[in-house]
Amino acid sequence: MSLKFSNALFFCRKKPHFKNSCFSESLHTALGRVTSTKHVSVLCFEERRERIAKLIHEPELSISTYDTAWVAMVPSPNSSHEPYFPDCVNWLLENQCQNGSWARPHHHRLLQKDVLSSTLACILALKKWGVGEEQITRGKQFIELNFGSATEDHQFSPVGFEVIFPSMLEYARDLSLDLNLEPTIFNNFIRTKNLELKRCNESQIVEMEAHMAYLSEGMGNLKDLKSVMKYQRKNGSLFNSPSTTAAVSIFHHNAKCLDYLQSALEKFGNAVPTIYPLKIYTQLRTIDNLQQLGISRYFRKEIESVLNEIYSCWLQGDEEIFMDGSTCFLAFKILRMNGYDVTSDWITKLIEEESFPDSLDGSPRNINRILESYKASEIIFPNEAAFEKQNLRLKDLLEQELSSNSDRLIVQEVCSPNFGSKDFYFMSVEDFNECQNLHREELKELERWVIENRLDELKFARSKSAYCYFSAAATLFSPDLSDARMSWAKNGVLTTVVDDFFDVGGSVDELKNLIQLVEEWDVNASTECSSQNVQIIFSALKSTISEIGDKAFIRQERSVTKHIIKIWLDLLNSMLKETEWARERTVITMDEYMSNAYISFALGPIVLPALYLIGPKVSEEMVHHSEYHNLFQLMSTCGRLLNDIRGYERELKDGKLSAVSLYIINNGGDITEETAVEEIKRWTEGLRRELHTLVLDGKNSVLPRACKDLFWYMSTILHLFYFKDDGFSSQELIKVVNQIIYNPIVLKES
Ligand SMILES: C=C1CC[C@@H]2C(C)(C)CCC[C@@]2(C)[C@@H]1CC/C(C)=C/COP(=O)(O)OP(=O)(O)O
Ligand SMILES: [Mg+2]
Ligand SMILES: [Mg+2]
Ligand SMILES: [Mg+2]
């Protein structure tokens, strides 16, 4: 396996089907045509689900007329006057469009160069075998009429267009096809081609040889066959490209090339796609899309079985994965995210050797490629120093690229129904709206609960029900997780109230009184509370904890209420300690501070009770296991540090300690606030990775993955809220949150 192959191949999508444009185009038509329906019929959902499930197992690839035309040009080894694949020639005869071109249905309007190129290849093939006179005439007319597009800059250029298209024009001239083109335009094309070839020949870029081999159709009679054939793969192809493999077969008989073409034709029925095989890549992209669209939960079984297959290909070093950078990066990312044990050695080497030159056909550096490898490199485990170095390099590169070419993010994609299918849009839009309906109801219920529990009367406290609810619904969105969502959200509201009670609203006596009440639990709130505020808070705590305990009992078949009370007590005591330290101005070390502060950040009551409500049984043994504690501590420490970075200035004024001020004191006061913040950010980043590793570890784990995910979800929410400043205390995010909860996605009436 040579790394150069993979490097080269990425640049080499000869048929530029532009993913994002195809995507939005089909979304556009989809949204345009469909009437919104309130009640999605179960039947319709099931049919759609089945169709998508089929695409996961057997991805479809679109036919490329361009590649099919080149395959049709391959002569028989026995007679150079006969095609080796006559059925393929017939396919061309039967598949011309009304307008005389050989475009594919619904092609993008900026793909005219591709249409011209395909049409020219088709008439070359027919002329070569002396068939289809009428088709040739109509094809010629189409080319002559639309030739202007070939020189238009705003039209997307297929990779190698400057070389291949002029070569085909020359070939047409040799076959006396007599295209009626202006001589100056023709000559300009030839001049550009020669300049381009000169540039390629003189280039120092390592990938250039492979790039030129990939453009074999444009290289006349292939003088340097050896430098092309060294790229032949085990399956007989060159770069898995039917057109390149066919171009080579025209000048050079090679049984393995022919076998490859034969197998592609058999698979697709007398025509070929632009890359074959591409099964693994397409499957991975499909799974990635489903996960990002939020509908992967309907395909758990299918995804698991396909990933198991792909994992065994990975272990066997399958060429389909390792010879193509895009596939390799994606496979690594998805396998690792789904708990498979994959090492980063190969990926690290791949990125290391990747020089990311300005791309081979002269356009700026391939930003998509950088993005793909960056996404893979984001999933670093703590002991992967080399990988981490590459991750930082890629991050820099991406930032550079984005600041200079913000409009460059065009995802070139081989067109496959797996990516354009409307089933994906409808299913995800309908699913989103259904979940959103429920979420709206739940938020209303939460707001009612706040009033019923008189929490709105506590004037010292921040009122944040929408944020708290959103933080649950954003990650735990599926309808069956309603109990977990409500528990998360209610505890979020309660911890905010309690935090403000300890930090600003309550006296020492009140705080101690509250703790004592929770410790005793079965008390008469109306007589034993020292103030109305304490009474309100204690009653709300008691009824909420009891309610969650009852729900958890049904699912867990054992009582966990005591555990939930304990979680709350740990929080209350840590908060009390903080207020005492602040009041007595106690000098403490960073370690002392952190061992308390991760608990006082209040994620315990939000995340831990929710674990009992998401489905799996969570045994006492699991709860006492170090894994459970490590997950909690990593998540909470991350959160505490993020909060302290954003809040230390305010807290310093209030006489409160924070990780930032302690860090400065620890360093003898010799460092600036900015340095301290930078250092703490790096520390947080390390913890975040450790947390991710623990969550993804599928091998040495006692907690079910679904439970571990909750810790990771909270970490992502925290990063969202504390990304810029203290987004939880400010109102900056409220617009977005409201939009997500209140604005359905509307499918336009036709
Ligand atoms: C406990 C909290 C409620 C839920 C909330 C969501 C909505 C998830 C968004 C991220 C923050 C958080 C987890 C929030 C965090 C803890 C909390 C009570 C913060 C209050 O801010 P602050 O006074 O700076 O806390 P502290 O006094 O420094 O502990
Ligand atoms: Mg506090
Ligand atoms: Mg506070
Ligand atoms: Mg704070």
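Residues numbered from 1 in each chain as written. Chains lettered and ligands numbered in written order. Predicted model: local features only at pLDDT ≥ 70, side-chain atom pairs only at ≥ 80, totals over all residues. Heavy atoms only, no water.

(A) Region of interest: the coordination of the magnesium ion (ligand 3). Protein coordination of the magnesium ion (ligand 3) is provided by Asp 499 (OD) and Asp 503 (OD), with donor distances spanning 2.0 to 2.1 Å. A separation of 3.3 Å is found between the magnesium ion (ligand 3) and the magnesium ion (ligand 2), both of which receive a donor from Asp 499. Here Asp 503 and Asp 499 lie together in helix 24 (residues 482-505), a separation of four residues that amounts to about one turn. Given a relative accessible area of 31%, Asp 503 falls into the partly exposed group. (Donors = N, O, S within 2.8 Å, 3.2 Å for Na, K, Ca; no water. Helix = DSSP H or I, 4+ residues; strand = E, 2+ residues; numbered from the N terminus. Buried < 20%, exposed > 50% of the residue type's maximum accessible area, 1.4 Å probe, protein only.)

(B) Structural view of the UniProt feature "domain: Terpene synthase metal-binding" (unreviewed entry) in the protein. Taking the UniProt record as the reference, the feature "domain: Terpene synthase metal-binding" (unreviewed entry) is found at residues 454-685. With 74% helix and 0% strand, residues 454-685 has end C-alpha atoms that lie 39 Å from one another. (UniProt positions renumbered as here; feature names shortened; annotations may be inferred.)

(C) Summary view of the packing of aromatic side chains. Going through the model one piece at a time under the given rule, you end up with 22 aromatic pairs. Geometrically, the ring pair formed by Phe 322 and Trp 346 is edge-to-face, given 5.9 Å between the ring centres and 85° between the ring planes. In this pair, Phe 322 sits in helix 16 (residues 319-322) while Trp 346 sits in helix 18 (residues 345-353), placing the two residues 24 residues apart along the sequence. Three or more aromatic residues joined by ring pairs make a cluster, and in this case those are Trp 314, Phe 322, Phe 332, Trp 346 and Phe 387. Positioned above the aromatic ring of Phe 419 is the side chain of Arg 285, whose terminal nitrogen or guanidinium carbon lies 5.2 Å from the ring centre. Residue placement shows Arg 336 over the ring face of Phe 381; its charged tip is 3.7 Å from the ring centre. (Phe/Tyr/Trp six-rings, centres within 6.5 Å; stacked < 30°, edge-to-face > 60°. Lys NZ or Arg CZ within 6 Å of the ring centre and 35° of its normal.)

(D) Main features of a nonpolar patch on the surface. Taken together, Phe 432, Val 736, Ile 740 and Ile 745 make up a surface patch of nonpolar side chains, about 290 Å² in accessible area. One can find Ile 745 in the segment after helix 36 (734-742). (Patch = residues over 30% accessible without salt bridge, like charges linked within 9 Å, V, L, I, M, F, W, Y side chains within 5 Å. Areas by Shrake-Rupley, 256 points an atom, 1.4 Å probe, with all protein chains shown as cover. Salt bridge = Lys/Arg side-chain N within 4 Å of Asp/Glu carboxyl O.)

(E) Inspection of the packing of helix 3 (residues 42-57) against helix 22 (residues 422-452) at higher detail. For the pair helix 3 and helix 22, the least separation of the axes is 10 Å and the interaxial angle reads 130°. Here helix 3 lies oblique to helix 22, going by the angle between them. The way helix 3 lies across helix 22 gives a crossing that is left-handed. Only Asp 423, Phe 424, Phe 426, Met 427 and Glu 430 of helix 22 make contact with helix 3, whose side of the interface consists of Phe 45, Arg 48, Arg 49, Arg 51, Ile 52 and Leu 55. (Axes fitted to C-alpha atoms, helices over the stretch in contact; angles between N-to-C directions. Parallel < 35°, antiparallel > 145°, perpendicular 65-115°, else oblique. Left-handed = near helix turned anticlockwise from the far one by under 90°. Contact = heavy atoms within 4.5 Å.)

(F) Focus on the pattern of salt bridges. The full count for this structure, using the stated rule, is 42 salt bridges. Of the charged contacts in the structure, one is a salt bridge between Glu 302 and Arg 49, with a shortest N-O distance of 3.1 Å. Within this pair, whereas Glu 302 is found in helix 15 (residues 300-315), its partner Arg 49 is found in helix 3, the two being separated by 253 residues in sequence. In this structure Arg 49 comes out as buried when scored by relative accessible area, which is 13%. As a salt-bridge pair, Arg 199 and Glu 196 come within 3.2 Å of each other at their nearest N and O atoms. Of the two residues, Arg 199 and Glu 196 both sit in helix 9 (residues 183-202), three residues apart, roughly one turn of that helix. A relative accessible area of 33% places Arg 199 in the partly exposed class.

(G) Expanded view of the site of ligand 1. Arg 462, Asp 499, Asp 503, Arg 640 and Asn 643 are the nearest of the 25 residues found near ligand 1. Here an oxygen atom of ligand 1 sits 2.6 Å away from a polar atom, N or O, in the side chain of Asp 503. The contact in question runs from an oxygen atom of ligand 1 to an N or O atom on the side chain of Asn 643, over 2.9 Å. Here ligand 1 loses 99% of its free accessible area of 620 Å² to cover by the protein chains. Contributions of two or more residues to the shell around ligand 1 are made by helix 23 (465-473), helix 24, helix 32 (626-653) and helix 35 (705-721). Per-element tally for the shell around ligand 1: the top contributor is helix 24, with five residues. (Near = heavy atom within 4 Å. Polar contact = N/O pair within 3.5 Å; in protein donor to acceptor, adjacent residues only side chain to side chain.)

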